[in-house]
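Chain residues, written in single-letter form:
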Amino acid sequence: ALVEEFFKFFAANWAIRRDPAFDEPVDAMVYMIAAALGFATVENIFVLMGSLSEISASPFLSVLETAGLRFIGATLLHVLASALVGYFWAKGRMRKNEISYIAIGIVLATLIHALFNHLILSFQDKDLLVYPTVFLLFIAFFVMVEFEKLRKAKGVAVGKRDM
């Protein structure tokens, strides 16, 4: 989880670090979400390719089931975890302490990612997938509230990055 969260941040940071359009607090969350969607797409393709190679009585249904779970659960997880990193990145930019806030964001995103993975592995029965789903909905609520706070803080000047 830590490696994935770090690389999503690294990709977003590398892509926009010198872009003059990176000037609003909410931009960090948007760029992190975009990086997460790209990462989740690649990860989902690899997982689906792996499920195609498994021998199954009904490979088509197996692939559809895997795709459904991956595209809902894993994609939402990556988006939410990266949005949290983006939130802390934006807070760090506003408070002129990017590195500390980014570290907090990556640690929290890693913990959420690891907890989700634990829930998925612990509740593999389809009837029990409600637990990881409720967990993601809780995180989504927090992310939406914080996104709105950043959107309203757009009057706050965000200086050039010091990284």
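Since this is a predicted model, take the numbers as computed values, not measurements.

### Looking at the packing of helix α4 (residues 98-122) against helix α5 (residues 130-152)
Stage number 1. Contact pair α4 / α5: the axes reach a minimum separation of 9 Å and the direction vectors enclose 160 degrees. As far as their axial angle goes, α5 and α4 are roughly antiparallel. Seen from above, α4 lies across α5 with left-handed handedness. Of the residues in α5, those touching α4 at I112, L115, F116, L119 and I120 are Y131, P132, F135, L136 and I139.
Stage number 2. Of the residues that constitute the contact of α4 with α5, the class distribution is 10 nonpolar, no polar and no charged.

### Remarks on the pattern of salt bridges
Stage number 1. Under the criterion given, the structure shown has 3 salt bridges.
Stage number 2. Close ionic contact of E5 with K8 constitutes a salt bridge, the shortest N to O distance being 3.1 Å. Residue E5 and its partner K8 are both found in helix α1 (residues 2-16); the two are separated by 3 residues, about one turn of the helix.
Stage number 3. For K8, a relative accessible area of 2% puts it in the buried group.

### A closer look at the nonpolar core
Stage number 1. Ranked by size, the top nonpolar core spans 33 residues in total, and within it F9, W89, F135, I139 and V143 carry the most contacts.
Stage number 2. Contributions of two or more residues to this core are made by α1, α2 (25-53), α3 (59-94), α4 and α5.
Stage number 3. A per-element tally of this core places α3 first, with 11 residues.
Stage number 4. When neighbours within four sequence positions are excluded, V143 is seen to be in contact with M29, L80, A83 and L84.

### Section: the confidence of the model for the protein chain
Stage number 1. Put simply, the protein chain has an average pLDDT of 84, and 80% of its residues get 70 or more.
Stage number 2. Per-element averaging of pLDDT across the protein chain places α3 at the bottom with 83 and α1 at the top with 95.

### Brief notes about the packing of aromatic side chains
Stage number 1. Under the criterion given, the structure shown has 7 aromatic pairs.
Stage number 2. Aromatic side chains F22 and Y31 sit 5.7 Å apart centroid to centroid with 85 degrees between the ring planes, which places their arrangement in the edge-to-face category.
Stage number 3. Residue F22 is classed as buried on the basis of its relative accessible area of 4%.
Stage number 4. On the basis of relative accessibility, which here comes to 26%, the residue Y31 falls in the partly exposed class.
Stage number 5. Centroid distance Y87 to F88: 5.1 Å. Interplanar angle 80 degrees. Geometry classified as edge-to-face.
Stage number 6. On the accessibility criterion, Y87 (10% relative accessible area) is buried.
Stage number 7. With a relative accessible area of 13%, F88 lands in the buried category.
Stage number 8. By the ring-pair criterion, three or more aromatic residues cluster together here, those being F9, F22, Y31 and W89.
Stage number 9. One Lys or Arg, R93, reaches over the ring of F22 and ends 3.9 Å from the middle of that ring.

### Structural notes on unusual backbone geometry
With glycine set apart, most residues show a phi of negative sign, and most peptide bonds adopt trans.
Stage number 1. At K96, a position not held by glycine, the phi torsion is positive, near 60 degrees.
Stage number 2. Looking at the secondary structure, you find K96 in the loop between α3 and α4.
Stage number 3. A residue is classified by how much of its surface remains accessible, and K96, at 57% relative accessible area, is exposed.

Basis of the calculations
Think of each chain on its own: its residues are numbered from 1, step by step along the sequence as written. For this predicted model, a pLDDT threshold of at least 70 governs which residues receive local features, and a threshold of 80 or more governs which side-chain atom pairs are given and counted, while totals over whole chains, interfaces and linings are taken from all residues. In computing side-chain properties, one takes all heavy atoms of the structure into account and sets aside hydrogens as well as water. Helix axes are fitted only over the stretch in contact, all axes being lines through C-alpha atoms; the angle between N-to-C directions runs from 0 to 180 degrees. Secondary structure elements are taken from DSSP: a helix is a run of H or I of four residues or more, a strand is a run of E of two residues or more, and numbering for both begins at the N terminus. Between 65 and 115 degrees an angle is taken as roughly perpendicular, under 35 as roughly parallel, over 145 as roughly antiparallel, and anywhere else as oblique. Left-handed describes a crossing whose near helix is turned anticlockwise from the far helix through less than a right angle; right-handed describes the clockwise counterpart. Only heavy atoms matter for contacts: two residues are in contact if any of them lie within 4.5 Å across the pair. Side-chain classes are defined by residue name, with Ala, Val, Leu, Ile, Met, Phe, Trp, Tyr, Cys and Pro counting as nonpolar, Asp, Glu, Lys and Arg as charged, and the others, Gly among them, as polar. For salt bridges, the criterion is a side-chain nitrogen of Lys or Arg within 4 Å of an Asp or Glu carboxyl oxygen. Here's how the labels work: a residue is buried when its accessible area is under 20% of the maximum for its type, exposed when over 50%, partly exposed in between, all with a 1.4 Å probe on protein chains only. Side-chain atoms within 4.5 Å link the members of a nonpolar core, which is a set of buried Ala, Val, Leu, Ile, Met, Phe, Trp, Tyr and Cys residues. Per residue, pLDDT measures the predictor's confidence, with a range of 0 to 100. Pairing of aromatic rings covers Phe, Tyr and Trp, the last counted by its six-membered ring, and requires centre-to-centre distances within 6.5 Å; plane angles under 30 degrees mean stacked, over 60 mean edge-to-face, and any other angle means tilted. The rule for a charge over a ring is simple: NZ of Lys or CZ of Arg within 6 Å of the ring centre, and within 35 degrees of the ring normal.

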